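# Understanding the architecture of this molecule
Next come the chains, spelled out residue by residue.
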Amino acid sequence: MVKNRKLSRAISDLGWRQFQTLLEGKAEKYGRDLRVISRWEPTSQICSSCGFKGGKLDLSIREWECLNCGSKHDRDENAAINILVAGGQSETKNGHGGKHKTTAKVAAACEMSTHRGATA
Ligand SMILES: [Zn+2]
């Protein structure tokens, strides 16, 4: 059925929904906090230090340098920090996970982004 292009998307979506439901059940059972972020959140495209959106990166690019602030990022570590921030857990290093000190302006922007982020 996954070969059927119309059905494959529905099946894939159902798979993820079912996985999420299972996770929600387990989280509730063991008193854990589960947060879901938008699947369209560009977590690997945004600099976790300054919030600059660098654009899509080819999957083969594992490390990159922010054009705005010059921070060097491991693709996966940067995305993980951005997922934490998108999930409302901005209690990362310097409030943004970066190697720079957080200014009041960045901290405010971070707070705004965490409040704006749609989490379930
Ligand atoms: Zn940056």
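Please refer to the structure higher up on the page.
Before going into details, it helps to say that this report is about the structure given with it. (Residues numbered from 1 in each chain as written. Predicted model: local features only at pLDDT ≥ 70, side-chain atom pairs only at ≥ 80, totals over all residues.)

## Thoughts on the overall build of the protein chain
Counting its regular elements, the protein chain contains three helices and two strands. Of the regular secondary structure in the protein chain, the N- to C-terminal order runs α-β-β-α-α. Among the 120 residues that make up the protein chain, the fraction classed as buried is 12%. Considering only residue pairs separated by 6 or more positions, the protein chain has 44% of its internal contacts joining residues 24 or more positions apart. (Helix = DSSP H or I, 4+ residues; strand = E, 2+ residues; numbered from the N terminus. Buried ≥ 20, exposed ≤ 12 C-beta atoms within 10 Å, placed from the backbone. Contact = placed C-beta atoms within 7 Å.)

## Quick notes on the environment of alanine 80
Of note, alanine 80 is situated in helix α2 (residues 75-86). What makes alanine 80 partly exposed here is the crowd of 16 C-beta atoms within 10 Å. Once the C-alpha coordinates of alanine 80 and threonine 43 are considered, the two residues, 37 residues apart in sequence, prove to be 7.6 Å apart.

## A short note on helix α1 (residues 5-29)
In this model α1 runs 37 Å from its N-terminal to its C-terminal C-alpha over 25 residues, within 8% of the 36 Å that 1.5 Å per residue would give. The element α1 is largely exposed, with a buried count of zero among its 25 residues. Looking at the residues trailing α1, positive phi occurs at glycine 31, about 65°. (Expected span 1.5 Å × (residues − 1).)

## Some remarks on the environment of isoleucine 37
When you line up the elements, isoleucine 37 lands in the loop between α1 and β1 (63-65). Taking C-alpha positions, isoleucine 37 is 6.4 Å from alanine 86, a pair spaced 49 residues apart along the chain.

## Looking at α2
One turn of an α-helix holds 3.6 residues; hence residues three or four places apart share an orientation. The end-to-end C-alpha distance of α2 is 16 Å, a good match for the 16 Å that twelve residues give at a rise of 1.5 Å each. Those residues of α2 that fall on the buried side of the exposure criterion are Asn78, Ile81, Asn82, Val85 and Ala86. One face of α2 carries all of its buried residues, which in axial projection span an arc of 140°. Opposite its buried face, α2 presents the exposed residues Asp76 and Glu77, each directed more than 90 degrees away. (Arc of directions from axis to C-beta.)

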